[in-house]
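Each chain is listed here by its residues.
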Amino acid sequence: MYRMFLHKNKMKIKLTLKSLPPLVNATYKSGGGRFYKSNASKIAQDALRWEIKGKYRGRPLTGLLGANLGFWWGDKRRRDIDSGIKATLDACTGILWEDDSQIIELFVTKGFDKKNSRTEIEVYSLTK
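Residues numbered from 1 in each chain as written. Predicted model: local features only at pLDDT ≥ 70, side-chain atom pairs only at ≥ 80, totals over all residues. Heavy atoms only, no water.

(A) Structural view of the pattern of salt bridges. Counted according to the given criterion, the structure contains 6 salt bridges. Put simply, Arg 79 and Asp 75 hold a salt bridge, and the shortest N to O gap is 2.9 Å. Residue Arg 118 pairs with Asp 113 through a salt bridge whose shortest N-O separation is 2.9 Å. Classification of Arg 118 by relative accessible area gives buried; the value is 12%. A relative accessible area of 23% means that Asp 113 is categorised as partly exposed. Bridged by salt links that share partners, the residues Asp 75, Arg 77 and Arg 79 form one connected network. (Salt bridge = Lys/Arg side-chain N within 4 Å of Asp/Glu carboxyl O. Buried < 20%, exposed > 50% of the residue type's maximum accessible area, 1.4 Å probe, protein only.)

What follows is the structure, encoded as structure tokens:
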């Protein structure tokens, strides 16, 4: 389920997902002189995308947008805060927004929650 509401006369969408994005270090592999996206990464990103589609049934937002991303990992392994950003923004493209180039403001939080690992996405309009 998602929540959509107006905040200061601007559209805002909030989603909480059980899926976590693939980590950057596990995303790309090399072979034959090229880099390519690993199968595990594709599967994880597809799972994230399907969960977003299942929770949000509206139209993609237009105009300039801001986003808050929260990654709550189930263990305390060391992870860079930026490791899930690209995969999450790409997974939302065409569902929550038309293109991730619309995001001009981004805030990211990471934390640990052993009982409830999750991804939290909040997107809001910056267009007047």
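(B) How the structure looks around the confidence of the model for the protein chain. Confidence along the protein chain averages 86 in pLDDT terms, with 84% of residues attaining 70 or more. Per-element mean pLDDT across the protein chain ranges from 52 in strand β1 (residues 2–7) up to 96 in strand β5 (residues 65–73). (pLDDT = per-residue confidence, 0-100. Helix = DSSP H or I, 4+ residues; strand = E, 2+ residues; numbered from the N terminus.)

(C) Looking closely at the environment of Lys 128. With respect to the helices and strands, the residue Lys 128 is situated in the segment after β7 (118–125). As a C-alpha pair, Lys 128 and Gly 63 span 65 residues in sequence and 9.2 Å in three-dimensional space.

(D) How the structure looks around helix α3 (residues 85–92). Where burial is concerned, most of α3 is hidden: 6 out of the 8 residues are buried. For α3, the set of buried residues is Ile 85, Ala 87, Thr 88, Leu 89, Ala 91 and Cys 92. Just downstream of α3 lies Gly 94, where phi reads positive at about 85°.

(E) Local environment of the pairing of strand β6 (residues 103–112). With 9 bridges joining them, β5 and β6 adopt parallel strand pairing. Bridge assignment links Leu 69 to a residue of β6, and that residue is Val 108. The handedness of the β5 to β6 crossover, carried by α3, is right-handed. (Pairing = 2+ DSSP bridges. Right-handed = clockwise from strand over helix to strand, strands pointing away.)

(F) The side chain of Glu 51, seen in detail. Take Glu 51: it is sitting in helix α2 (residues 39–55). Buried charged residue Glu 51 carries no salt bridge. Nearest counter-charge: Lys 55, at 4.1 Å. Among the polar contacts made by the side chain of Glu 51, one reaches the side chain of Ser 19 at a distance of 2.6 Å. Apart from residues no more than four positions distant in its own chain, Glu 51 is found in contact with Thr 16, Leu 17, Lys 18 and Ser 19. (Lys, Arg positive; Asp, Glu negative; His and termini not counted. Polar contact = N/O pair within 3.5 Å; in protein donor to acceptor, adjacent residues only side chain to side chain. Contact = heavy atoms within 4.5 Å.)

(G) Here's a closer look at the nonpolar core. The biggest cluster of nonpolar side chains holds 23 residues, and the ones touching the most others in it are Ile 13, Leu 15, Ile 52, Leu 96, Trp 97 and Ile 121. Among the elements of the structure, β2 (10–17), α2, β5, α3 and β7 are those that each provide at least two residues to this core. Tallying contributions element by element places β5 first for this core, with 5 residues. In this structure, Ile 121 is in contact with Ile 13, Lys 14, Leu 15, Leu 17, Ile 52, Asn 68, Leu 69, Thr 88, Cys 92 and Leu 96, ignoring residues within four places of it in sequence. (Core = buried A, V, L, I, M, F, W, Y, C linked by side-chain atoms within 4.5 Å.)

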